[in-house]
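Reading the structure
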Amino acid sequence: MLPHSPRGGRAPVRRSAYALPTDSRRLALGLCALLLVSVTLVLAQVLATPAARAGGPGVSMPSGMAPAACPAKVLAMGDSVTAGTGSAVGPGYRFFLYNRATAENVPIQYLGRRGSAPYLHEGYSGMMIQQFSPFLLSDPTFPGKDADIIILIAGTANIEAQYPNVSADTMAGLLDTLIKDILNRYPNVRLIVGSVPPVSDPRTDAAAKNAIATAYSQRIPLVVQQNGSRVRYAEINANLNKDTDLYDGLHPNDSGYQKMSNATNAIYAQLKGWAQTLCAATPTPTATPTNTPTPTFTPTPTFTPTPTFTPTPTATPTPAWRFRGYTYQGAPGSTSKPTTNVSLNLYGWNQGQQPPGTLILTRQSDGSGFYNFLIIPSYYYDYFQLVADPPPGLAGAGVNSQTGNVIDATTVQWFQAKPQVNTSDFFFDLPTPTPTVTPSPTDTVTPASTDTPTPTPTDTPTATPTATDTATPTPTETATPTATETPTETPAATFTPTDTPTPLPTDTPTTTPTPTLTSPSTPTLTPTPTPTPSPAPSPTWTPTPVRFPWRTWLPRLWAN
């Protein structure tokens with residue numbers, strides 16, 4: 001029975017101390033439901049992340065592809081075109097490729113030991129196709145094993161260095177060998193192979209070189225097709241105008257580099273799909289994350305040129321001079337290796353001053369041998385001069401400068417340089433060839449001095465015997481008139497005055513012949529005739545016949 005109240009009704013029901021009112025219970029149930037929904041949404045979001053999708057069970061990656069990696073690791077390798085020679089912004093096509101990928105939310109990251117972040121690379125001026133495997137791929141520090149995508153552009157150096165002993169077929173065969181080598185060494189890498197720019201270099205055989213570049217570029221798509229789905233072709237040659245898109249007739253300018261990156265069938269079009277695949281998984285359970293990036297991708301390709309120009313003013317001021325390049329160890333050429341920590345000094349001076357002028361900046365080449373000077377208008381000079389100090393134990397071996405005047409093996413000079421990029425590569429080698437020059441000057445001096453004195457003494461003795469022969473007969477005639485007799489014989493003595501100097505050779509026969517031949521030209525004997533008026537016959541041999549003519553002397557003698 002139920003307890004009754006004192007009035008005969010039911011007794012009130014006692015509630016537990018922990019019992020809640022009806023409204024409170026409803027509120028608690030609502031909070032629990034809300035918490036459960038929140039946990040479910042968070043769990044779904046976690047499962048939708050790329051890391052969970054890549055490593056989660058039941059998710060299969062496409063064949064031949066590594067697990068998802070984001071950002072995609074991109075390695076640009078090649079010759080001076082990859083290094084960006086001729087580009088005002090510096091990195092060349094790598095600059096425009098990176099900016100477009102960033103604008104379209106395609107995360108990429110450059111790898112390499114050269115250049116500066118974020119535009120690292122493995123581009124080497126003058127490197128030919130056949131030199132990549134022994135020089136780069138065999139180097140244990142080469143970052144190919146860490147790359148997801150490799151961009152390979154090679155062949156311009158072959159045309160420039162080996163012309164005319166080069167053909168498109170030979171170059172295509174070398175490229176096929178290099179592609180197979182890369183794919184075998186790095187089994188997870190994807191490879192984008194580009195053709196080469198056209199050639200309009202006015203210096204030598206531009207038309208013939210351009211024909212080789214075009215024929216070689218036309219063979220590359222077939223080489224790419226023969227190496228399977230891990231290799232894609234990027235068109236470069238047909239997209240560039242050789243009259244407007246080249247910096248020096250061989251390397252592209254920024255207009256050409258932008259086309260290399262952003263043309264419809266160029267590098268970015270081939271890289272974008274692979275980079276997206278690496279950064280996003282393919283399964284369908286989570287549709288929301290895959291749908292969100294796609295609307296941003298479709299409209300932007302048509303407007304891609306505009307975002308690429310926005311970072312340019314921040315990277316390089318409008319009027320600026322840039323002096324950049326690389327330092328190498330070895331003789332100038334493709335076999336040289338980068339040299340680090342080389343001191344480079346940039347000077348400036350104006351007309352009327354002495355070089356090298358004022359020191360503007362000093363730079364050290366980095367781990368890849370790269371150096372870079374950026375000069376703003378406040379440092380303007382009539383002359384710029386860049387001097388590289390050789391590393392210890394090495395000497396300057398040469399300079400390759402595209403715009404400067406090479407003064408010597410370590411010095412480049414610019415006169416009224418325009419605000420642009422000025423690229424110069426310095427080479428240093430062991431100073432072995434210098435000692436071979438020293439012995440040559442010692443041989444040339446000795447024969448010249450010995451020959452000259454010998455002919456002079458031979459001429460002088462020939463004159464002396466002729467004079468002695470003429471002097472010898474005269475003493476015989478002079479002996480007869482010596483007796484002082486009648487003046488009738490004096491006419492015979494009249495001939496003696498001309499020959500009378502001959503008695504002098506009796507004392508010194510070597511010196512007397514010269515005065516005997518030139519009797520009128522001996523004015524030095526004029527003071528001696530003054531004592532001649534004395535009629536002494538014996539001393540008359542020396543003074544009298546020398547200066548007095550016989551017409552004057554004979555009347556005086558006759559008067560006495």
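The rules behind these values
Residues numbered from 1 in each chain as written. Predicted model: local features only at pLDDT ≥ 70, side-chain atom pairs only at ≥ 80, totals over all residues. Heavy atoms only, no water. Helix = DSSP H or I, 4+ residues; strand = E, 2+ residues; numbered from the N terminus. Buried < 20%, exposed > 50% of the residue type's maximum accessible area, 1.4 Å probe, protein only. Contact = heavy atoms within 4.5 Å. Disulfide = S-S within 2.5 Å. Pairing = 2+ DSSP bridges. Axes fitted to C-alpha atoms, helices over the stretch in contact; angles between N-to-C directions. Expected span 1.5 Å × (residues − 1). pLDDT = per-residue confidence, 0-100. Core = buried A, V, L, I, M, F, W, Y, C linked by side-chain atoms within 4.5 Å. Phe/Tyr/Trp six-rings, centres within 6.5 Å; stacked < 30°, edge-to-face > 60°. Lys NZ or Arg CZ within 6 Å of the ring centre and 35° of its normal.

Secondary structure assignment for the chain yields 22 helices and 16 strands. With 560 residues in all, the chain has 39% of them scored as buried. A separation of at least 24 residues holds for 71% of the contacts in the chain among residues at least 6 apart in sequence.

We now examine the state of the cysteines. Taken as a whole and assessed by the stated rule, the structure comprises one disulfide. Note on cysteine connectivity: C70 is disulfide-linked to C279, with sulfurs 2.3 Å apart. Here the disulfide of C70 and C279 is right-handed, its torsion about the S-S bond being about 95°. Of this pair, C70 sits in the loop between helix 2 (50–55) and strand 1 (72–78) while C279 sits in helix 10 (residues 267–279), and the two are 209 residues apart along the sequence.

Once that is clear, we can look at the sheet that holds strand 14 (residues 405–408). Pairing within the open sheet is antiparallel, and its five strands lie in the order 10-9-12-15-14. On the outer flanks of this sheet lie strand 10 (358–364) and strand 14, each paired with one strand and no other. Neighbour-to-neighbour, the strand axes of this sheet turn through a mean angle of 20°, independent of strand direction. Strand direction decides the pairing type here: strand 9 (residues 343–349) and strand 12 (residues 383–388), joined by six bridges, are antiparallel.

With 20 residues, helix 8 (residues 206–225) should cover 28 Å at 1.5 Å per step; its first-to-last C-alpha distance of 30 Å lies within 8% of that length. Of the positions making up helix 8, those classed as buried are K209, N210, I212, A213, Y216, S217, I220, V223 and V224.

Within the chain, residue pLDDT values average 73, and 58% of them lie at 70 or more. Note on residues 48–67: pLDDT under 50 across the span, and 24 contacts to partners over four residues away in sequence or across chains. Under a pLDDT of 50 for its full length, residues 292–318 has, in the predicted model, 29 contacts with residues more than four places off or in other chains.

In this structure, I150, I182 and L191 are the most contacted members of the largest nonpolar core, which totals 40 residues. Looking at this core, the elements with two or more residues in it are strand 1, helix 5 (132–137), strand 4 (149–153), helix 7 (168–185), strand 5 (190–194), helix 8 and strand 6 (231–234). A per-element tally of this core places helix 7 first, with eight residues. Leaving out residues up to four positions away in the same chain, L191 has contacts with I150, L152, I179, I182, L183, R230, V231, R232 and W274. Grouped together as the second largest cluster of nonpolar side chains are 29 residues, V89, Y93, I151 and W274 included.

Looking now at the packing of aromatic side chains. Evaluated as defined, the whole model comprises 16 aromatic pairs. Where W349 meets Y383, the ring centres are 4.8 Å apart and the plane angle is 5°; that geometry is what we call stacked. Note that W349 is positioned in strand 9 and Y383 in strand 12, a separation of 34 residues in sequence. With respect to burial, W349 and Y383 carry one shared label: buried. Between the aromatic rings of Y381 and F384, the centroid separation amounts to 6.2 Å while the plane-to-plane angle is 85°, which identifies the pairing as edge-to-face. Through a chain of ring-to-ring contacts, the aromatic side chains of F95, F96, Y98, Y110 and Y119 assemble into a single cluster. Above the plane of the ring of Y326 lies R114, whose end atom (NZ or CZ) is 3.7 Å from the centre. The ring centre of W274 lies 3.9 Å from the NZ or CZ of R232, which sits over that ring.

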